[in-house]
Amino acid sequence: MAPLARLFAAPTFVVSRFACSLALTLALAYGVAACHGPAPEADVAAQFLNTGPEARYVGDEACASCHEDLYRRYQSHGMARSFYRLTPERAVEDFAGVVVRDTAGGFFYTAYREGDRFVQEEYRLGPDGEKTHQLVRSMDYVVGSGTAARTYLTEVEGRLYELPLTWYTQDGGRWGFSPGYEEVNARFSRTIPTRCMACHNDVTAPVPYVEGKFAGLADGIGCERCHGPGSLHVEARLAEPEPADSVDRTIVNPARLPLERRLDVCQQCHLQGTVSLLREGADAYSFRPAQRLDAHRTVFALANPDPHRISVISHADRMRQSPCFRESGAMDCTTCHNPHEGFRTSGPAYFNQKCQRCHPAGPLQAAMRTPELRQQHGPSAHCFSCHMPKVATADVPHASFTDHFIRVVTDDDRLAGAATARNDEVELTPYFERDREGAEGRAYAGMAYVAYGRQEGSTAALSQGVRLLDEALEERPEMGEAQFLLGFARMQLGQWSAAMPALEEAVRLGPNIPERLNALAQVYERLGRDPRRTEELYRQALRAQPAQADVRVNLGRFLEAQERLPEAEAEYRRAAQDSPWLATAHYNLGTVLLRKGDAAGGAAALRRAVELEPDHADALTNLGVLLATRGAVSEAEALFRRAAAADPRNANAQANLALFLANAGDLAGARRAAEQALAINPNQATAQQVLQALMRVGA
């Protein structure tokens, strides 16, 4: 057999994860105490000393030392059980024989217990029923109180990743894909953004600019999420047990807030639109109770002409539409929910009593027109089952939530779940009034369209975002994140030259933000601009955050293109160490080792890439080239065929398969693969050589 040409597929760009991650919240029962009159709206935040930056979070243990009874009762609340380590004592799942299949990707998933350890496994099956691929990940943490679902995180090198399977607790319990995985199976690669952790856990210490990496983790949502940081309160009450007047201004008591600010306390986590973004200068933990939520976040939802579909998934938002809320003038979340005590196991009578405080059964029955209605509205009726029906949602499979729009529900009034866009027609509407006009509003609308376009792969949304941002930034050029997203959107649309000015301005406004530096470096590299400036941008991003593995891969690829192979190898190795599941790092390491003549090291790195990503066509084809040149013909053929099947649009994979088939004597197959490669890339040299050779022999 004639030697095969060594062809190494060109490494591809690695674009960092999108800056403005969409919030993902579970339906927890938030609330605030109601025991005193509210403060006036105008200066409410200024009345509490712990709304300022000097106040520090101290943790629930400090609260428990003086509020022992409240702390003890709160442990039964869903919020207190929103995040914790999975142990045998806390396991409630049925692990017997669970198998969930991803039909699109051909993966199977199962969850099982090994002693005191719990794991999820991904595998594929060959024609003979044997496993051809297998990855196992530990189930280290549980997210969710279990009211609707329990989702699991695994920890690797201090970084948290979501796992594909979730235990849905309703209707007896069942396993299914985690929210979003049925649409796009992220397998084991979905890191946990700080925005997600901020609502599923208490205040943590995120590592700057690295998703899923935290210096410390709390255990459930704590007291300070509703009352604000407690350091000033602890210091003051240790010095003097009672405040000087009737109001303790060292800690926020939500009951003393005006209605809108009380609702903001709950909606910091229970307001979920189609797109939710942090405002300029805000971070995931910058909001403090008593402040205006719209000063920290902006929320947009798909325009919703259908009244039977929900646009903004928020219990408080739905409650606002209720006659109970509009007519009472005082109703809030704590009217029905005790924020200091669990209620999920209290039974229907618990909430019926809440309803009957305002709607006593006697007068209510007397107002009914028919005997049937009078019977339905007796003292033991389950008010909420009719007036607050359960709604199934598209984004959280196998689960439902209680619609908090309290009303008389007719058959024509039942909801079908969250609104969705049709085809590529997208219209986003703002939730907060301040985003409905002006340059700032247009800027955040543009950012929302870019976020939506990136999330859904919508070029129409990206283009709309570019139009809005171009217009808004004429008046508000100081908005650094808007500048970055304008440049990012242009990159996604292939407008590389047009992306540069916005990214340059974004870097000027935020010179130590890795994501902006990385994006600008990629534009420079794509356009062939100043190599020294390109390298410095990558290195500046890594100085700001050395754990940015994606940026390190980009720097390594840049160095490799300059034939600085030892330096490139070092960057790839560090990236693979910091992010062991990043298949691109192992693949690029394998290619550079092969170029350096280290066949054994290159093969090991390529095999690791294929283990992590069994459809990595470039890794498969390069490993096939290596094995073919070493005489492992059968294994090489299998890899070439896998590569071509995994990515039929990969010209290198098709060309290598053509060359192999030609050398193996399958001339018809070689012609088909070569022609396919040239249809993808007319300049593919190996495919051209194969066709020329076939023509010479008349095949």
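These numbers were taken from a predicted model, which means no experiment stands behind them.

Student: Looking at this structure, how should I read the nonpolar core?
Tutor: Side chains that are nonpolar tend, in soluble globular proteins, to be buried together. The biggest cluster of nonpolar side chains holds 64 residues, and the ones touching the most others in it are Leu428, Leu469 and Leu503. When residues in this core are grouped by element, the largest group, nine residues, is from helix 13 (residues 438–456). Discounting residues that sit within four places of it in the chain, leucine 469 has contacts with Ala443, Gly446, Met447, Val450, Ala482, Leu485 and Leu486. Counting residues in each nonpolar core, the second largest holds 35 residues, with Ala609, Ala636, Phe640 and Ala655 among its members.

Student: Help me understand the sheet that holds strand 12 (residues 275–278) in this model?
Tutor: Strands belonging to one sheet form pairs held by backbone hydrogen bonds; the direction of such a pair is parallel or antiparallel. One open sheet accounts for three strands, arranged 12-13-16; its pairing is antiparallel. A strand with exactly one partner marks an edge of an open sheet, and here the two such strands are strand 12 and strand 16 (428–430). For this sheet, the mean angle separating the axes of adjacent strands, direction not counted, is 25°. Here strand 12 pairs with strand 13 (residues 297–302) via four bridges, running antiparallel. Of the residues in strand 13, the one forming a bridge with valine 275 is phenylalanine 300. Helix-sheet contacts for helix 13 involve strand 12, strand 13 and strand 16, and the interaxial angle to strand 12 is about 125°.

Student: Help me understand the environment of histidine 200, please; the structure alone is not making it clear to me.
Tutor: Inspection of the secondary structure assignment puts histidine 200 in helix 3 (residues 194–200). Separated by 20 residues in sequence, histidine 200 and glycine 220 place their C-alpha atoms 7.3 Å apart.

Student: What's the story with the pattern of salt bridges in this structure? I'm lost.
Tutor: Where charged atoms of side chains with opposite charge meet at close range, the side chains can pair. As enumerated under the stated definition, the model contains 47 salt bridges in all. Aspartate 294 is the salt-bridge partner of arginine 292, the closest N and O atoms lying 2.9 Å from each other. Judged by its relative accessible area of 42%, arginine 292 falls in the partly exposed class. Salt bridges here are not isolated pairs; linked through shared partners, they connect Glu535, Arg539, Arg552, Arg564, Glu567 and Glu571.

Student: Before we go on, may I ask you to explain helix 6 (residues 259–270) in this structure?
Tutor: It helps to recall that an α-helix has 3.6 residues per turn; residues three or four apart then point in one direction. Taking 1.5 Å of rise per residue, twelve residues should cover 16 Å, and helix 6 covers 16 Å from first to last C-alpha, within 8% of that figure. Helix 6 sits mainly inside the fold: ten of its twelve residues count as buried. Packing partners of the buried residues in helix 6 comprise helix 3, helix 4 (224–227), strand 13, helix 7 (315–320) and helix 8 (323–328).

Student: Any chance you could explain the pairing of strand 8 (residues 159–168) here in plain terms?
Tutor: Looking along a regular strand, one sees the side chains alternate between the two faces of the sheet. Within strand 8, ten of the ten residues are buried, which leaves it mostly tucked inside the rest of the structure. Hairpin connection between strand 7 (residues 149–156) and strand 8: a loop of two residues separates the two successive antiparallel strands, and glutamate 157 in this loop has a positive phi of roughly 50°. Sheet topology note: the strand 8/strand 9 (residues 174–177) ladder contains four bridges and is antiparallel. Bridging across to strand 9, leucine 165 finds its partner in phenylalanine 177. What sits between strand 8 and strand 9 in their antiparallel hairpin is a turn of five residues, with aspartate 171 showing a positive phi close to 55°.

Student: What is the right way to read the environment of arginine 533 from this model?
Tutor: Locating arginine 533 in the fold gives a position in helix 18 (residues 531–544). Note on arginine 533: relative accessible area 26%, which makes it partly exposed. Separated by twelve residues in sequence, arginine 533 and alanine 521 place their C-alpha atoms 7.9 Å apart. In this view, arginine 533 contacts Glu504, Leu520 and Tyr524; residues no more than four positions away in its chain are not counted.

Student: Which parts of the structure should I look at to understand the state of the cysteines?
Tutor: In a disulfide, the sulfur atoms of two cysteines are held together by a covalent bond. Per the counting criterion, the structure on display carries one disulfide. Covalent S-S linkage joins cysteine 199 and cysteine 269, the inter-sulfur distance amounting to 2.3 Å. Across the disulfide from cysteine 199 to cysteine 269, rotation about the S-S bond amounts to roughly -95°, and the bridge is consequently left-handed. You can see cysteine 199 sitting in helix 3 and its partner cysteine 269 sitting in helix 6, a full 70 residues away along the chain. You can call cysteine 269 buried: its relative accessible area is 3%. Free of any disulfide, cysteine 336 has its nearest neighbouring cysteine sulfur in cysteine 355, separated by 6.0 Å. Between cysteine 386, a cysteine without a disulfide, and cysteine 383, which holds the nearest cysteine sulfur, the sulfur-to-sulfur distance is 8.8 Å. Judged by relative accessible area, which is 48%, cysteine 386 ranks as partly exposed.

Student: Explain the packing of aromatic side chains here, please?
Tutor: Within a pair of aromatic rings, the relevant descriptors are the distance that separates the centres and the angle that separates the planes. Counted by the stated rule, this structure contains 19 aromatic pairs. Geometrically, the ring pair formed by phenylalanine 95 and tryptophan 175 is tilted, given 5.6 Å between the ring centres and 45° between the ring planes. Taken as a pair, phenylalanine 95 in the loop between strand 1 (83–85) and strand 2 (100–102) and tryptophan 175 in strand 9 lie far apart in primary sequence, 80 residues in all. Each member of the pair, phenylalanine 95 as well as tryptophan 175, carries the same accessibility label: buried. Ring centres of tyrosine 152 and tryptophan 175 lie 5.9 Å apart, and the angle between their planes is 35°; this geometry places the pair in the tilted category. Placement of tyrosine 152 in strand 7 and of tryptophan 175 in strand 9 is noted, with a sequence separation of 23 residues between them. The same class applies to tyrosine 152 as to tryptophan 175, namely buried. By way of ring pairs, the aromatic residues Phe107, Tyr109, Tyr161, Phe177, Phe188 and Trp581 are connected into one cluster. Seen from the ring of tryptophan 581, arginine 137 lies directly overhead, with NZ or CZ sitting 3.7 Å from the centre. When the ring centre of tyrosine 524 is taken as origin, the NZ or CZ atom of arginine 533, which lies over that ring, is 5.8 Å away.

About the thresholds
- Residues numbered from 1 in each chain as written.
- Predicted model: local features only at pLDDT ≥ 70, side-chain atom pairs only at ≥ 80, totals over all residues.
- Heavy atoms only, no water.
- Core = buried A, V, L, I, M, F, W, Y, C linked by side-chain atoms within 4.5 Å.
- Buried < 20%, exposed > 50% of the residue type's maximum accessible area, 1.4 Å probe, protein only.
- Helix = DSSP H or I, 4+ residues; strand = E, 2+ residues; numbered from the N terminus.
- Contact = heavy atoms within 4.5 Å.
- Pairing = 2+ DSSP bridges.
- Axes fitted to C-alpha atoms, helices over the stretch in contact; angles between N-to-C directions.
- Salt bridge = Lys/Arg side-chain N within 4 Å of Asp/Glu carboxyl O.
- Expected span 1.5 Å × (residues − 1).
- Disulfide = S-S within 2.5 Å.
- Phe/Tyr/Trp six-rings, centres within 6.5 Å; stacked < 30°, edge-to-face > 60°.
- Lys NZ or Arg CZ within 6 Å of the ring centre and 35° of its normal.

That is the geometry; function is a separate question.
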